[in-house]
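Survey of secondary and tertiary structure
One letter stands for each residue in the lines below.
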Amino acid sequence: MTWGRNRILSHLFLIVLCLILFYPIFWWVGAVFKTNAELASPGFWPQHPTLDNFVKGWTAITGYSFGHFYLNSFRLILSVLFTSLFSCSLVAFGFARLNFPLKSFWFSIVLVTLMLPNQVTIVPQYVMFSKFGWIDTYLPFIVPHSLAGGVGGSFFIFMLVQFIRGIPHELDEAAKIDGCSPFGIYWRIILPLLVPALITMSIFCFLWNWDDFLGHMIYIQSIDKYTVGLALKVFVDAQSSTPWGQLFAMSFLSIMPGTLIFFLAQRYIVEGMATSGLKG
């Protein structure tokens with residue numbers, strides 16, 4: 001009886017704690033449908049729900065609709081995604097299957113960079129890209145990913161190496177007997193078997209680059225090239241009143257792609273992590 005009572009009390013405590021922690025999210029979702037007059041109220045559900053925040057927020061930035069910034073974000077992230085898939089899988093194949101001088105040393109360097117915060121490299125990267133004339137372009141994001149770098153590059157290489165090591169070497173030997181080159185083995189044998197891990201990598205790559213507000217803010221300066229995250233920044237003006245309702249509505253739309261991908265692809269995330277030897 002005592003054990004059952006303790007379980008009930010612990011569950012009630014956790015439920016109350018979750019409600020407290022989720023209150024700001026409930027309030028934010030409700031604020032999307034509130035009028036400006038209702039935004040100051042503590043309740044999270046509007047008394048007079050309205051869609052005006054979506055309608056006005058979509059065209060609030062002069063000369064542009066919010067769809068323009070969505071297209072910019074998808075254009076950038078899809079370019080980053082496809083270049084990263086190819087480069088990281090190719091580098092991982094080299095570490096997992098090929099023998100070359102200082103292989104262990106270079107793989108250790110890759111692992112060390114996993115512990116290096118991105119903020120440490122911001123200044124030298126900015127100086128380098130500035131000398132290349134790449135500021136206010138998407139090249140500071142696309143080029144590093146095409147070289148197996150960028151946001152999450154080291155993690156993706158490590159994950160794919162673990163997956164490739166689980167593929168039997170007999171497949172490589174059979175391909176060599178048939179006259180397949182190392183690149184042919186990668187392209188014809190390894191890459192098709194990498195699909196579960198590549199799906200997992202695609203999900204992480206999309207989410208991390210979609211949320212990379214700091215990187216986008218540093219390198220992108222023209223409003224015409226703004227991504228969704230930077231477009232939200234335009235709503236906040238220190239010199240005038242901020243249309244909070246419109247900002248909440250557009251921020252709600254901005255998280256929908258990542259949220260949908262996460263919930264629809266949870267199974268692939270778990271499978272990819274498990275088959276890559278990363279599941280604890």
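Parameters at a glance
Residues numbered from 1 in each chain as written. Predicted model: local features only at pLDDT ≥ 70, side-chain atom pairs only at ≥ 80, totals over all residues. Heavy atoms only, no water. Salt bridge = Lys/Arg side-chain N within 4 Å of Asp/Glu carboxyl O. Helix = DSSP H or I, 4+ residues; strand = E, 2+ residues; numbered from the N terminus. Buried < 20%, exposed > 50% of the residue type's maximum accessible area, 1.4 Å probe, protein only. Phe/Tyr/Trp six-rings, centres within 6.5 Å; stacked < 30°, edge-to-face > 60°.

Applying the stated criterion across every chain yields a total of one salt bridge. The closest approach of N and O atoms between D172 and R97, which form a salt bridge, is 2.6 Å. Within this pair, whereas D172 is found in helix α8 (residues 169-177), its partner R97 is found in helix α3 (residues 66-97), the two being separated by 75 residues in sequence. Residue class for D172 comes out buried when judged on its relative accessible area of 6%. The exposure class assigned to R97 is buried, which follows from its relative accessible area of 12%.

Taken as a whole, this structure holds 36 aromatic pairs when the rule is applied. Ring geometry for W27 and F248: centres 5.8 Å apart, planes at 85°, overall edge-to-face. On the criterion of sequence distance, the pair formed by W27 in helix α1 (residues 2-31) and F248 in helix α13 (residues 244-264) is long-range, its members being 221 residues apart. Accessibility classification places W27 together with F248 in one group, the buried group. Ring geometry for W28 against F252: centres 5.9 Å apart, planes inclined by 55°, an arrangement best described as tilted. Of this pair, W28 sits in helix α1 while F252 is found in helix α13, placing the two residues 224 residues apart along the sequence. Taken together, W58, Y64, F66, F69, Y70, F74, F206, W210 and F235 form an aromatic cluster joined through their ring pairs.

These figures come from the coordinates and say nothing about function on their own.
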